[in-house]
Amino acid sequence: MPELPARTRPSRWTRSIRVRLLIWYSAALMFILGGSGVALYFATRRAEFEDFDAQIESRARGIAVALAASARSAAECRLPEELARYFGRPKPKPDQPHSEEPGERPYYLIWDSDGAVIDASPLPSAVPLFAPKPPPHDPHKLRWRDRDIWREAVVAGPHGTLVLVGRSTEGVQRHLQHFLARLIAIGSGALAAALAGGWLLTRKALAPIAKITATAETISLQNTSQRIAVEETESEFGRLAEVLNGAFDRLEQALDRQVAFTADASHELRTPLTVLITSLDLALRRERSPEQYRSTLTQCLAAARRMEEVIAKLLALARVDAGLAAQQPQTIDLADLVREVVERLAPLAESREVACSTEAAALQIHGLPDRVSLMVETIVENAILYNRPGGAVDVRLAVDGANAVLEVSDNGLGVPAADQPHLFERFYRVDRARSRQSGGCGLGLAIAKGIVEEHGGTIRLTSEEGVGTRVTVCLPLAPHDAGPVN
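Residues numbered from 1 in each chain as written. Predicted model: local features only at pLDDT ≥ 70, side-chain atom pairs only at ≥ 80, totals over all residues. Heavy atoms only, no water.

Of the regular secondary structure elements, the protein holds 12 helices and 12 strands. Relative to its 486 residues, the protein shows a buried fraction of 37%. Pairs at least 24 residues apart make up 65% of the contacts formed inside the protein by residues separated by at least 6 positions. Counting only carbon and sulfur atoms, one obtains 57% of the accessible surface of the protein, whose full area is about 28,700 Å². (Helix = DSSP H or I, 4+ residues; strand = E, 2+ residues; numbered from the N terminus. Buried < 20%, exposed > 50% of the residue type's maximum accessible area, 1.4 Å probe, protein only. Contact = heavy atoms within 4.5 Å. Areas by Shrake-Rupley, 256 points an atom, 1.4 Å probe, with all protein chains shown as cover.)

Rendered as structure tokens:
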């Protein structure tokens, strides 16, 4: 069978939060810097060419005005000194327009109405001498044209003349290229500095994660007390550290309970098992009378039943820990269930000389009948077992708003105040000797609490030593049973 290709896993770098943050930060920064740079470049380019065109237009109109102010003939036109300096020449002879190569120097041409050149500055060799198409006969209108690197403006002058003023755009383009190079250099430097700063900032910002990770790695079954130092963890990571510390606390408590549970369960099973082995070993060492064998078998049976009880309660506790069973909850007539439990425990109450009374209002809840029956039986059985001869157990069931309230009261031995907070802990017994004598193993109330919470209810216990104990259970009513207190 061909081997399947191994699933590709992302590298450490692609899985790094710091790298991913830096990538997103870099992309956003490049977008902002690039967009700003492009906008700045084109704004500068537009401003440069607007100024460039404004200069050409100003000179073209200046020449047209100078022609209008001249005498009768355009040939007699003399450029003002400012324009002459701008075009950098004394007035050339009309028959020698190409006397020098001006490079990037601005130039002008003047044609008469017949298309003959009547005046011109030193011209680039590529500038034609024939008159261009005249613009509309309006002194305020110009016609622009671009030829290779030259930008030219044509305006109509007086006496049917045409004036062309042009200039090479190489200087502007070169200036824009230098500006773009500086812009790219500055942007690249700013991006590099921002990336370096971003790397340092993300490293500092994510440093608490490294602390949290290092602390979490030190926690093991042998060292569950280690915690994250919240005061050293800044901002939102402080809340994360608190949540993780809470999870570690619950984990430590769960592990402690598991260790204690295992030790107590082993102890509870070891005692009857030791009795069983010892009794059978003594019985088999030599011949004994039938009465002695009967006594040994009786002891073995009691030990076996003790183990059976412990195992049954452990299984019940395991089911409670696993949550609600796969079966669907159903409507339970809690009053009938309570009466059935009290009747079932009547022989035990008689053997203990304890009187039981029941007052149950008709009400219904949703849940698992077997679990709820076990919970009620556990509470009532405890009230009977830990009572005094001639004592009484009072079982009441009533409605309080949207809850069914079950109260089991006794006037028995009571529980010392120091022990009351621990009564719902697993394997906790107030008096171990008395608990063994009564058959208890310290799991009953823990099972009852688990079942009550499993059904969305609450349970509490109040007791006074030598006076009695009261256990109160509140369970949600079936919706149609919610009503005022009975």
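Once you've had a look at it, read on.
This brings us to the pairing of strand S1 (residues 107-111). Among the five residues in S1, five count as buried, and that is most of the element. When S1 meets strand S5 (residues 162-168), the two strands line up antiparallel, connected through five bridges. Bridged to Tyr-108 within S5 is Val-165. The pairing of S1 with strand S2 (residues 117-120) spans three bridges and is antiparallel. Bridging from a neighbouring strand, Ile-110 pairs with Asp-119 of S2. Counted along the chain from S1 to the antiparallel partner S2, the turn is five residues long, and its residue Gly-115 has a positive phi close to 90 degrees. (Pairing = 2+ DSSP bridges.)

This part is about the sheet that holds strand S7 (residues 355-360). Reading across the sheet, the five strands line up as S7-S9-S10-S12-S11 and stay open at both edges, with mixed pairing between neighbours. The open sheet has two edge strands with one neighbour each: S7 and strand S11 (458-464). Shown here is a sheet whose adjacent strand axes are inclined to one another by a mean of 10 degrees, direction ignored. Looking at chain direction, S7 and strand S9 (residues 392-400) are connected through six bridges and run parallel. Residue pairing in the sheet places Cys-356 in a bridge with Val-393 of S9. Sheet strands touched by helix H10 (residues 369-385): S7, S9, strand S10 (403-410), S11 and strand S12 (468-476). Its angle to S10, the strand with the most contacts, is close to 20 degrees. (Axes fitted to C-alpha atoms, helices over the stretch in contact; angles between N-to-C directions.)

This part is about helix H8 (residues 334-344). For H8, the complete set of buried residues consists of Leu-334, Ala-335, Leu-337, Val-338, Val-341 and Val-342. End-on view of H8: buried residues confined to an arc of 165 degrees, all on one side of the axis. Of the residues flanking the start of H8, the one acting as N-cap is Asp-333, its side-chain oxygen 3.3 Å from the backbone nitrogen of Ala-335. (Arc of directions from axis to C-beta. Polar contact = N/O pair within 3.5 Å; in protein donor to acceptor, adjacent residues only side chain to side chain.)

Counting buried residues along helix H12 (residues 444-454), nine of its 11 residues qualify, which places the element largely inside the surrounding structure. Those residues of H12 lying buried are Gly-444, Leu-445, Ala-446, Ile-447, Ala-448, Gly-450, Ile-451, Val-452 and Glu-454. Taken from the residues just after H12, Gly-456 is the one with a positive phi, measuring 80 degrees.

Moving on: unusual backbone geometry. Look at Asp-148: it is not a glycine, yet its phi comes out positive at around 55 degrees. Tracing the chain through its elements places Asp-148 in the loop between strand S3 (143-147) and strand S4 (150-156). Overall, the relative accessible area of 74% leaves Asp-148 in the exposed class. Here the phi dihedral of Glu-353 falls at roughly 60 degrees; this positive angle occurs in a residue that is not glycine. Of note, Glu-353 is situated in the loop between helix H9 (346-351) and S7.

Formed by 44 residues in total, the largest nonpolar core has its most connected members in Leu-334, Ile-365, Met-375, Val-376 and Val-473. Of all the secondary-structure elements, those providing two or more residues to this core are helix H7 (290-321), H8, H10, S9, S10, H12, S11 and S12. If you tally residues by element for this core, the top one is H10, at seven residues. Leave out the neighbours within four places in its chain, and Val-473 touches Met-375, Ile-379, Ala-404, Val-405, Leu-406, Val-452, Thr-458 and Ile-459. Tyr-86, Val-165, Leu-176 and Phe-179 belong to the second-largest nonpolar core, a separate cluster that totals 23 residues. (Core = buried A, V, L, I, M, F, W, Y, C linked by side-chain atoms within 4.5 Å.)

Applying the stated criterion to the full structure yields four aromatic pairs. On the numbers, 6.3 Å between centres and 70 degrees between planes, the contact of Phe-49 with Phe-52 is edge-to-face. Residue Phe-49 and its partner Phe-52 are both found in helix H2 (residues 17-68); the two are separated by three residues, about one turn of the helix. When its relative accessible area of 17% is taken as the criterion, Phe-49 is described as buried. Relative accessible area serves as the criterion here: at 3%, Phe-52 is assigned to the buried category. Sitting over the face of the ring of Tyr-86, Arg-59 holds its NZ or CZ atom 3.9 Å from the ring centroid. (Phe/Tyr/Trp six-rings, centres within 6.5 Å; stacked < 30°, edge-to-face > 60°. Lys NZ or Arg CZ within 6 Å of the ring centre and 35° of its normal.)

Taken together, the five strands give an open sheet; going across it, the order is S2-S1-S5-S4-S3, and neighbouring strands pair in antiparallel fashion. Single-partner strands in this sheet number two, and they are S2 and S3. Adjacent strand axes in the sheet meet at a mean angle of 20 degrees, parallel and antiparallel pairs treated alike. Bridge count between S3 and S4: five bridges; the pairing is antiparallel. Considered in S4, the bridge of Arg-147 is made with Trp-150. Here H2 sits on the sheet in contact with S1, S3, S4 and S5, set at roughly 150 degrees to S5.

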